[in-house]
2 protein chains.
Amino acid sequence: MTEVVNLTTMEVDALTDVEGGLNLTDGHARLVLTSQQADIVARIPEMFVEATRRPFPEIELAAHKAFLSAIGQHSAPVGSGRILSCYSSTLATDIVARALPAGATVAVLHPTFDNIADLFVTRGLKLVPMSEEALLAQEWPGEPVSAIVVTLPNNPTGLITPKGHLESLAAHAARHGQTVIIDASFRGQVRDAQYDTYAVLDAAGADWITIEDTGKLWPTHELKIGLLAYSERTTLPIERAFSESLLAASPVVLQLITELAGDWVNGGYERAGALVERNRAVVKETIGQVGLKLADPDSQISVARIELPVDGPDSELLYKEMLARGVHVLPCSPFHWADPESGLRFIRVSLARSFETVEKAAQTMAQAYRELTPGR
Amino acid sequence: MTEVVNLTTMEVDALTDVEGGLNLTDGHARLVLTSQQADIVARIPEMFVEATRRPFPEIELAAHKAFLSAIGQHSAPVGSGRILSCYSSTLATDIVARALPAGATVAVLHPTFDNIADLFVTRGLKLVPMSEEALLAQEWPGEPVSAIVVTLPNNPTGLITPKGHLESLAAHAARHGQTVIIDASFRGQVRDAQYDTYAVLDAAGADWITIEDTGKLWPTHELKIGLLAYSERTTLPIERAFSESLLAASPVVLQLITELAGDWVNGGYERAGALVERNRAVVKETIGQVGLKLADPDSQISVARIELPVDGPDSELLYKEMLARGVHVLPCSPFHWADPESGLRFIRVSLARSFETVEKAAQTMAQAYRELTPGR
């Protein structure tokens, strides 16, 4: 049995590495601001003044409108009171975990970022894995599952649940009285994931909860918002759980998001995407020289999985070897929360870093792998 | 039985009041920036650049050092790895609640802000109230209590646990293997609460956890940090609980706090205190005209309790009457989480507001009270 440390602990280690190693662990955008973004950040002092002058609900509404429309979610319940602004998507996830009935059985996509499973288990929920294969085959779980969690796009694989599949899931959930929970934290990065999922879920008459995140899009150093939206049908005590966790998100951060969302539809999306794709390409090329390949060549999100051949060293070994060379990445076992062994062939690198950082890390990986497999 | 809605829900209602009523509910500083603070806020764009350039641990360490020394906590374990930066003190409290063993019995000061009790109960802990009278009489709870929570200064009463009393509590806890948990969220406002509690607890050999908060000091629109510090003796899985909740606080916010702490020791403390005391005085004078008085005339924190005579209307009634006049305050029953009835004679107003806001609210209270007691 592989010992499973949670992924965030490895990310914390990378962030607090006093030796100053390269950090390619977390999915946050660790980039220099573009000139357009820098212009917006320069206006933060004005946003402080504005936060005192303008009523909070007005500032919040503007941010919801700008962000959700920038990522194609035109049917999100903006202005209905059913979108809550949280400090982060993690906190939004925990609020959902708390609002679900203790002891309920929840199906969660597998693999996916371990934090979702951890938060749900800590709140006393029972989990069953739903594989990406099952999702693609539209095999939806029945009794005793009362809620189904889909990460869209999935992290780390980049898999995007196709619209028709979500329609099928929504219809199934409506028939069986299940809640569909979508974690759309990475959606802002990928146009293909920006079809209007609120419209799909409402059309099927499903009960749903959706978590959106600004934290993966912009290099705003944790000044971010996790949105927690829920359907008119939802009877869970979400507002009570929210009020236990926070009073309100920052009106300064909400204004920042309004502005950055405006930039996102004015070329920001394309600028960020180009950088990620350039980084993905250099990883692919560099590791290809030693026989390694991208596990998800079609993924468009800002992280990439690398697949290790079955007859070679596993990702735990490669992870440690890279750590010894001062490069932090993530072994994928913890993403496979229900079956860590099945993640041993994969390693994840973040692409939302400078080109130089990603290139150097890929070179280190190739070199480490070569030395781990001398006979090849 | 009085129906008990949690306090944060009432604060959310006040914050999102579309009619634009006066909000004297939450303890956050809702003030215009002083010129010194505005100069600091003007440098936030530079802090963005700095956050990319400087290693995170260095930025975090500087903030811990500046903030804890500004509030007299020279023995706090700065640099030991045992101070965690959270998005808020509420999140820090929830991390503690999660790390305590499920089913444990915890003594919590009574009355105090209801959120502490709510978060602990939600995490499966059993609570017993410890009255302010018991604290002042140094009557400490024994078995089966395994942790004792003291809010210092207390909210809403402003009571400051004297140093000798904390020494007694620490010795008791060390003898009985209990953990002392201090919520020091309001400490920054009051010099008398700034004796070095870390030194007291360590000297007694006690196991302790302390929560500090920057959120009550400065009008930074929720750009704040809750610090979670713990003793060398603590064996609770605090780091694991932290890693489930967040990766890291914002390095921009940490820099902001370093700067504001610098201002705090250079006159900022006195400037803020003078404003609060001017507001307390106008409340005292205005409500005195109708026979109402401050419940805690010696309190120095930025909220004040008003006591209603036993033979008149209770605070729920006065609360509703003020709400009808567009002024949001807090009835005190929810602070008395173990015995809501005992809070019915008190109402809380926040003083960290502009003088005009506080004066107008006090006038409204006096008028409302006069009309509720026509025969007096």
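Computed from a prediction, not measured in an experiment: that's the story for all the values here.

Draft legend 1. Summary view of the domain arrangement of chain A. Residue and element names in this part refer to chain A. As far as domains go, chain A holds domain 1 (7-32 + 267-372) and domain 2 (35-262). Domain 1 and domain 2 are separated by 26 Å when their C-alpha centres are compared. Facing the 27 residues of domain 1 at the interface are 34 residues of domain 2. For the pairing of domain 1 and domain 2, the buried interface totals around 2,400 Å² over both sides, and the portion due to carbon and sulfur atoms is 57%. Of all residues in domain 1, the largest losses of buried area upon contact with domain 2 belong to Tyr269, Ile301 and Trp337, amounting jointly to 31% of the total for that side. Across the contact surface, domain 1 and domain 2 share two salt bridges.

Draft legend 2. Main features of helix α8 (residues 163-176) of chain B. All names here are of chain B. Relative to the 20 Å expected for 14 residues at 1.5 Å per residue, α8 spans 20 Å between its end C-alpha atoms, a close match to the ideal helical length. Buried residues of α8: His165, Leu166, Leu169, Ala170, His172 and Ala173, and no others. Projected onto a plane normal to the axis of α8, the buried residues spread over an arc of 165° and lie on a single side. Along its buried surface, α8 packs onto α7 (132-136), β5 (145-151), β6 (179-183) and α9 (197-203).

Draft legend 3. A look at the nonpolar core. Membership of the largest hydrophobic core comes to 129 residues, with the highest contact counts inside it found for Ile44 of chain A together with Ile44 of chain B. When neighbours within four sequence positions are excluded, Ile44 of chain B is seen to be in contact with Ile44 and Phe48 of chain A together with Val252 and Leu256 of chain B. Judged by nonpolar contacts, the second largest core, of 64 residues, contains Ile95, Val96 and Ala147 of chain A together with Ala241 of chain B.

Draft legend 4. The arrangement of the confidence of the model for chain A in detail. Considering every residue of chain A, the mean pLDDT works out to 96; 99% of them sit at 70 or more. The ipTM value of the predicted complex is 0.96, and its pTM value is 0.96.

Draft legend 5. Broad picture of the pairing of strand β7 (residues 207-213) of chain A. Residue and element names in this part refer to chain A. With seven of seven residues buried, β7 lies mostly within the body of the structure. By the alternation rule, side chains of β7 split into Asp207, Ile209, Ile211 and Asp213 and Trp208, Thr210 and Glu212, which are all buried. With five bridges connecting them, strand β6 (residues 179-183) and β7 associate as parallel partners. The residue bridging Thr179 from the neighbouring strand is Asp207, located in β7. With helix α9 (residues 197-203) bridging β6 and the parallel β7, this β-α-β connection has right-handed handedness. Across five bridges, β7 lies against strand β8 (residues 226-230) in antiparallel orientation. In the sheet register, Glu212 faces β8, and the bridge partner there is Leu227.

Draft legend 6. Highlighting the sheet that holds strand β9 (residues 293-294) of chain A. Residues and elements named next belong to chain A. Across the sheet, which stays open at both edges, the four strands sit in the order β9-β10-β13-β12 with antiparallel pairing between neighbours. Each edge of the sheet is formed by a strand with only one pairing partner; in this case those strands are β9 and β12 (330-331). Sheet topology note: the strand β10 (residues 303-307)/strand β13 (residues 346-350) ladder contains five bridges and is antiparallel. By the bridge assignment, Glu307 is partnered in β13 with Phe346.

Draft legend 7. Representation of the packing of aromatic side chains in the model. Evaluated as defined, the whole model comprises 11 aromatic pairs over all chains. Summarising the aromatic geometry, the rings of Trp264 of chain B and Tyr269 of chain B are spaced 5.8 Å apart at their centres and angled 90° between planes, so their arrangement reads as edge-to-face. Comparing Trp264 of chain B with Tyr269 of chain B shows no difference in burial state: the two are buried. By way of ring pairs, the aromatic residues Phe67, Trp218, Trp264 and Tyr269 of chain A are connected into one cluster. Its end group placed over the ring of Tyr269 of chain A, Arg191 of chain A keeps NZ or CZ at 3.8 Å from the ring centre.

Draft legend 8. Just the relation of the copies chain A and chain B, in detail. Expressed as a screw operation, the relation of chain A to chain B combines 0.0 Å of axial shift with a rotation of 180°, fitting to an RMSD of 0.0 Å. One copy is carried onto the other by what is essentially a two-fold rotation axis. Both copies present the same face, since 100% of the interface residues in chain A are matched by interface residues at the equivalent positions in chain B.

Draft legend 9. Representation of the sheet that holds strand β13 (residues 346-350) of chain B within the structure. Residues and elements named next belong to chain B. The four strands lie next to each other as β9-β10-β13-β12, forming an open sheet whose pairing is antiparallel. With one partner strand each, in any of the chains shown, β9 (293-294) and β12 (330-331) form the two edges of the open sheet. Where β9 lies against strand β10 (residues 303-307), two bridges are found, and the strand directions are antiparallel. Across the sheet, residue Lys293 finds its bridge partner in β10, namely Glu307.

Criteria and thresholds
- Chains are numbered independently. Their residues run from 1 in the order of the written sequence.
- The order in which chains are written sets their letters, starting at A; the order in which ligands are written sets their numbers, starting at 1.
- Local features are withheld for residues below a pLDDT of 70 in this predicted model, meaning they are given only at 70 or higher, and side-chain atom pairs are given and counted only at 80 or more; totals for whole chains, interfaces and linings count all residues.
- To obtain the side-chain values, all non-hydrogen atoms of the structure were included, while hydrogens and water were left out.
- Reported domain spans reflect what an automatic or database domain assignment gives.
- By definition in these notes, contact holds between two residues if any of their heavy atoms fall within 4.5 Å.
- Two parts placed together each lose some accessible area; with a 1.4 Å probe, that loss summed over both constitutes the buried area.
- Just to be clear on terms, a salt bridge is a Lys or Arg side-chain nitrogen sitting within 4 Å of an Asp or Glu carboxyl oxygen.
- Strands are runs of DSSP state E lasting at least 2 residues, helices are runs of H or I lasting at least 4, and numbering of each runs from the N terminus.
- Expected span of a helix, by definition, is 1.5 Å for each gap between consecutive residues, and there is one gap fewer than residues.
- Exposure is judged per residue with a 1.4 Å probe applied to protein chains only, and the accessible area is read against the type maximum: over 50% gives exposed, under 20% gives buried, and values in between give partly exposed.
- The arc in question is the one spanned by the directions pointing from the helix axis to the C-beta atoms.
- Here, nonpolar core means buried Ala, Val, Leu, Ile, Met, Phe, Trp, Tyr and Cys residues that are tied together by side-chain atoms lying within 4.5 Å of each other.
- pLDDT measures the predictor's confidence residue by residue and takes values from 0 up to 100.
- Being paired, for any two strands, means DSSP has found at least two bridges between them.
- Every crossover in which the path from the first strand over the helix to the second runs clockwise, viewed with the strands pointing away from the viewer, is termed right-handed.
- Any two rings among Phe, Tyr and Trp, with Trp reduced to its six-membered ring, count as a pair given centres within 6.5 Å; such a pair is stacked if its planes are under 30 degrees apart, edge-to-face if over 60, and tilted if neither.
- Think of it as a cone above the ring: NZ of Lys or CZ of Arg counts as a charge over the ring if it is within 6 Å of the ring centre and within 35 degrees of the ring normal.
- Only residues with pLDDT of at least 70 in both copies contribute their C-alpha atoms to the least-squares superposition of the copies.

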